[in-house]
Amino acid sequence: MFSFLKRKKSSPDQVTDVAPEKAVQEAPPSAAETVVPAAAPPVGDDAASAVTAQPDTSPELEEAAALEDESSLEIAAAENDVPHVDVPNVPADEQVHDPVDVAATVAPEAQAAEEAPAPQPEPAAKTSWLSRLKTGLSRTGQNIGGLFVGVKVDEALFEELETALIMSDAGVEATDTLLTALRAKVRKDRLADAAQVKAALRDILTDHLAPLEKKFPLGRTAPLVVMIAGVNGAGKTTSIGKLAYSFQHQGASVLLAAGDTFRAAAREQLMAWGARNNVTVIAQEGGDPAAVAFDAVNAGRARGASVVMVDTAGRLPTQLHLMEELKKIKRVIGKADGEAPHEVLLVVDGNSGQNVISQIRAFDAAVNLTGLVVTKLDGTAKGGTLAAVAAGSQGVRPIPVYWIGVGEGLEDLQPFVAREFAGALLGD
């Protein structure tokens, strides 16, 4: 009995040294916990976890724990005459991995990302533009370019080329001109390979389209007054917004005139483009379009603007009263500036096919066009219409093409380049 009391007296020290709760708390952290220091959590989380890990040391709980431990030891001593407490044993394969190893496996990837060269935006943008142009003209590119795959250079090839060019809206005149030059080139250089014939056609088509390639004379005079016309739905107002963006990026200050007073919400649409580009818009609600143009030219001169673009109402060539209104706008602009308008542009839809020819002819007769803007070449456009314009089909003049558009973005209106366009038509 004495020995039992002696063991009971010394038991608190044994419990304090090897209590299971203390053993669990002092055991090494798990592998998941080692990732947390490497991730550097916020201080607030550390503080919260520290408070959670500390045991409650209130006197009532300590006394209750001591009584519970003494009762357990009395039962153990009575049965085995020796107190026993199980201490958790952590297997070797569950030991904590060194956090340095985890960090080392991530560091090479992060270092490679930091050492990667910065992308070059300008070449990527150029490649993207050519890719979009080729995609927009993919129908014609597949129809013409596919003829040179695995074929002999004979008369059958030329007949198929003739059909494909006419189907691309190139017209009879342009098709005859191109094929006559191609036949002469094949005979002269003795071309027997289809790939060589395709390359020769690309060069001939480039030379054929070259008269349409002309740089817009930005900065020729100030303000440069640009009058813009087109049929409804051709993308006229949208093109004005894109041109304003382009001119500003070239260092020019722009002023817009909302001369389209016929179409509903046309004025609001142009004002939205002006706000987007931070450009002033001269407008009158329900006013005379010629008066709006006159005020805009005077305002551009007074404010020192580089470019004044005058929007006009969309109209069909058969709407004679609107065509007369267009002539009036041009005359009134001339009264504000004796040399204005310096440029008269026609915006045409690239999906209109041969209708583009009749539009060019009618508007040119009314206001003497100086340039074209071809839009919407990103849909079902065939593209051969420009070859017809260059050939003077149906009595049209080879009016320069300043810009072509392949999308709705601000940078999707780019200057016309004959070689790029010819390559897209042939699927190169």
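Just above, that's the structure.
Residues numbered from 1 in each chain as written. Predicted model: local features only at pLDDT ≥ 70, side-chain atom pairs only at ≥ 80, totals over all residues. Heavy atoms only, no water.

### Re a negative patch on the surface
Stated formally: Nonpolar side chains (Val, Leu, Ile, Met, Phe, Trp, Tyr) within 5 Å and like charges within 9 Å form the patches, drawn only from residues with over 30% relative accessible area and no salt bridge. Computed by Shrake-Rupley with a 1.4 Å probe, the accessible areas treat only the displayed protein chains as cover when residues are assessed. Note on definitions: salt bridges are taken to be side-chain nitrogens of Lys or Arg within 4 Å of carboxyl oxygens of Asp or Glu. Counted as positive: Lys and Arg. Counted as negative: Asp and Glu. His and the chain ends are not counted at all. One atom stands in for each charge, and that atom is NZ of Lys, CZ of Arg, CG of Asp or CD of Glu. In this description a helix means any DSSP run of H or I spanning at least four residues, a strand means any run of E spanning at least two, and both kinds are numbered starting from the N terminus.
Together, Asp 154, Glu 159, Glu 160, Glu 162, Glu 173 and Asp 176 make up a region of like negative charge exposed at the surface. Those elements that place two or more of their residues in the negative patch are helix 9 (155–167) and helix 10 (171–189). Sorting elements by how many residues they give to the negative patch places helix 9 first, with three residues. The residue Glu 160 is located in helix 9 in this model.

### Some details on the pairing of strand 2 (residues 254–259)
Defined as follows: Buried, partly exposed and exposed residues are distinguished by accessible area as a fraction of the type maximum, computed with a 1.4 Å probe on protein chains only: under 20%, between the cut-offs, and over 50%, respectively. Two strands make a pair as long as DSSP finds a minimum of two bridges between them. With its strands directed away from the observer, a crossover is right-handed exactly when the path from the first strand over the helix to the second travels clockwise.
Burial runs high along strand 2: six of the six residues are buried. Burial along strand 2 is two-sided: Val 254, Leu 256 and Ala 258 facing one way and Leu 255, Ala 257 and Gly 259 facing the other are all buried. For strand 2 and strand 4 (residues 307–312), the ladder comprises six bridges, and the chain directions are parallel. Across the sheet, the residue bridging to Gly 259 is Thr 312, located in strand 4. Sheet analysis places strand 2 next to strand 3 (residues 280–282), joined by three bridges and oriented parallel. Considered in strand 3, the bridge of Leu 256 is made with Val 281. Assessed by its sense of winding, the connection that carries the chain from strand 2 through helix 13 (residues 266–277) to strand 3 is right-handed.

### Structural notes on the packing of helix 9 against helix 10
Using the following cut-off: For helices, the fitted line uses only the C-alpha atoms of the stretch in contact; every axis is such a line through C-alpha atoms, and the angle between N-to-C directions lies from 0 to 180 degrees. Roughly parallel here means an angle under 35 degrees, roughly antiparallel means over 145, roughly perpendicular means 65 to 115, and every remaining angle is called oblique. Crossings are sorted by hand: turned counterclockwise from the far helix by less than a right angle, the near helix makes the crossing left-handed, and turned clockwise it makes it right-handed. We call two residues in contact whenever any of their non-hydrogen atoms come within 4.5 Å of each other. Three classes are used: nonpolar for Ala, Val, Leu, Ile, Met, Phe, Trp, Tyr, Cys and Pro, charged for Asp, Glu, Lys and Arg, and polar for all others, with Gly counted as polar.
Where helix 9 meets helix 10, the axes come as close as 9 Å, and the angle between the chain directions of the two elements is 150 degrees. Between helix 9 and helix 10, the angle is such that the two are roughly antiparallel. As for the relative orientation of helix 9 and helix 10, their crossing is right-handed in sense. For the pair helix 9 and helix 10, contact is made by Glu 155, Phe 158, Leu 161, Glu 162, Leu 165 and Ile 166 and by Gly 171, Thr 175, Asp 176, Leu 178, Leu 179, Leu 182, Arg 183 and Val 186, respectively. For the contact of helix 9 with helix 10, a count of residues per class yields eight nonpolar, two polar and four charged.

### What to know about the environment of Met 309
With respect to the secondary-structure elements, Met 309 resides in strand 4. For the pair Met 309 and Ala 258, spaced 51 residues apart in the sequence, the C-alpha separation amounts to 8.9 Å. What Met 309 contacts, discounting residues up to four positions off in sequence, is Val 226, Ile 228, Ile 240, Leu 243, Ala 244, Phe 247, Val 254, Leu 255, Leu 256 and Ala 257.

### Considering the nonpolar core
Note the following rule: Buried Ala, Val, Leu, Ile, Met, Phe, Trp, Tyr and Cys residues form a nonpolar core when they are joined through side-chain atoms within 4.5 Å.
Membership of the largest hydrophobic core comes to 104 residues, with the highest contact counts inside it found for Leu 182, Leu 209, Met 309 and Phe 421. Here this core gets seven residues from one element, more than from any other, and that element is helix 11 (residues 194–209). Setting aside its immediate chain neighbours within four residues, Leu 182 contacts Phe 158, Leu 161, Val 197, Ala 200, Leu 201 and Ile 204.

### Describing helix 10
As a reminder of what qualifies: Expected helix span is taken as 1.5 Å per residue step, with the number of steps being one fewer than the number of residues. Here the arc refers to the set of directions running from the helix axis out to each C-beta atom.
Taking 1.5 Å of rise per residue, 19 residues should cover 27 Å, and helix 10 covers 27 Å from first to last C-alpha, within 8% of that figure. Of all the residues in helix 10, the buried ones are Gly 171, Ala 174, Thr 175, Leu 178, Leu 179, Leu 182 and Val 186. Here the buried residues of helix 10 occupy an arc of 120 degrees about the axis, which is enough to place them on one side. Along helix 10, the residues that are exposed and aim more than 90 degrees away from the buried face are Thr 180, Arg 187 and Lys 188. On its buried face, helix 10 sits against helix 9, helix 11 and helix 17 (385–390). One or two steps after helix 10, the chain reaches Arg 190, where phi turns positive at roughly 50 degrees.

### Description of the pattern of salt bridges
A side chain of one charge can pair with a side chain of the opposite charge if their charged atoms are brought near each other. Inspection of every chain in the model, using the stated rule, returns 12 salt bridges. A salt bridge links Asp 412 to Arg 132; its shortest N-O distance comes to 2.8 Å. Here Asp 412, found in the loop between strand 7 (401–405) and strand 8 (413–415), pairs with Arg 132, found in helix 7 (residues 121–136); they are 280 residues apart in sequence, far enough to count as distant. On the basis of relative accessibility, which here comes to 29%, the residue Arg 132 falls in the partly exposed class. Close ionic contact of Glu 343 with Arg 220 constitutes a salt bridge, the shortest N to O distance being 3.9 Å. Placement of the pair is Glu 343 in strand 5 (residues 343–349) and Arg 220 in the loop between helix 11 and strand 1 (224–230), with a sequence separation of 123 residues. According to the relative accessible area criterion, Glu 343 is buried, its value standing at 3%. By relative accessible area, which is 48% here, Arg 220 ends up partly exposed. It is possible to trace a salt-bridge network through shared partners that takes in Lys 236, Asp 260 and Asp 311.

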